[in-house]
Amino acid sequence: MAFDGTWKVDRNENYEKFMEKMGINVVKRKLAAHDNLKLIITQEGNKFTVKESSTFRSIEIIFELGVTFNYSLADGTELSGAWTLEGDKLVGKFKRLDNGNELNTVREIIGGEMVQTYTYEGVEAKRIFKKE
């Protein structure tokens, strides 16, 4: 699968505005913009393992396509939702447990880079990763 591998964040687009909309305080937003996020993604059939390491934390997330699971963002925001595969895109549809608002995420490979697009309350942001 195209997502397999080690991906290091290279740049962000509108990430600060997105985090602000999510209610993340200014100090955490400034730190998160430079979190050196690295994702190690492996896929076996419908099962994905994502090892996430950053300045803030290191965690391992295991999920199966189409199966709902709970996940905590680095700032502590709790989500529930599922990933699906739509063509060549990994599409995540999540709801915040604190307010029920939707957070949608799309991962796709564009020009050899992994582009992760977030949409929350009408604000879209991107984090672009390069393969190591």
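Here the structure is shown first, and the text comes after it.
Quick look at the structure, then. All of these numbers come straight from a predicted model, not from anything done at the bench.

## Quick notes on the layout of surface pockets
Of the voids in this model, the largest pocket is the one considered here, and its volume is about 580 Å³. Looking at the lining of the largest pocket, the elements that each hand over two or more residues are helix H1 (15–22), helix H2 (26–32), strand S3 (47–53), strand S4 (58–64), strand S5 (69–72), strand S6 (78–86), strand S8 (102–110) and strand S9 (113–120). It is H1 that contributes the most residues to the lining of the largest pocket, four residues altogether. Grouping the amino acids of the lining of the largest pocket by side-chain chemistry returns 21 nonpolar, three polar and seven charged.

## Quick look at a nonpolar patch on the surface
Among the surface-exposed residues, Val-26, Val-27, Leu-31 and Phe-56 lie close enough to one another that they form a single nonpolar patch of about 360 Å² accessible area. Look at Phe-56 and you get partly exposed, because its relative accessible area is 37%.

## Regarding the packing of aromatic side chains
Using the criterion set out here, one finds eight aromatic pairs in the structure. Pairing Tyr-15 with Phe-18 gives two aromatic rings, centres 6.1 Å apart and planes at 15°, and the pair type is stacked. Separated by three residues within a single helix, Tyr-15 and Phe-18 lie in helix H1, roughly one turn from each other. Look at Tyr-15 and Tyr-118: their rings are 6.1 Å apart centre to centre, the planes differ by 35°, and that puts the pair in the tilted class. A residue pair is termed long-range when its members are at least 10 positions apart, and Tyr-15 in helix H1 and Tyr-118 in strand S9 qualify at 103 residues. For the pair Tyr-15 and Tyr-118, a shared accessibility class is recorded, and that class is buried. Of the aromatic side chains, those joined through ring pairs into one cluster are Phe-48, Phe-63, Phe-69, Trp-83 and Phe-94.

Conventions and cut-offs
- Residues numbered from 1 in each chain as written.
- Predicted model: local features only at pLDDT ≥ 70, side-chain atom pairs only at ≥ 80, totals over all residues.
- Heavy atoms only, no water.
- 1 Å grid on protein atoms, 1.4 Å probe; cavity = no way out; pocket = protein on both sides within 12 Å on 5 of 7 lines; lining within 4 Å.
- Points joined across faces, edges and corners; volume = space filled by probe spheres on them.
- Helix = DSSP H or I, 4+ residues; strand = E, 2+ residues; numbered from the N terminus.
- Nonpolar A, V, L, I, M, F, W, Y, C, P; charged D, E, K, R; others polar.
- Patch = residues over 30% accessible without salt bridge, like charges linked within 9 Å, V, L, I, M, F, W, Y side chains within 5 Å.
- Areas by Shrake-Rupley, 256 points an atom, 1.4 Å probe, with all protein chains shown as cover.
- Salt bridge = Lys/Arg side-chain N within 4 Å of Asp/Glu carboxyl O.
- Buried < 20%, exposed > 50% of the residue type's maximum accessible area, 1.4 Å probe, protein only.
- Phe/Tyr/Trp six-rings, centres within 6.5 Å; stacked < 30°, edge-to-face > 60°.

Any functional reading would require information beyond the geometric quantities listed.
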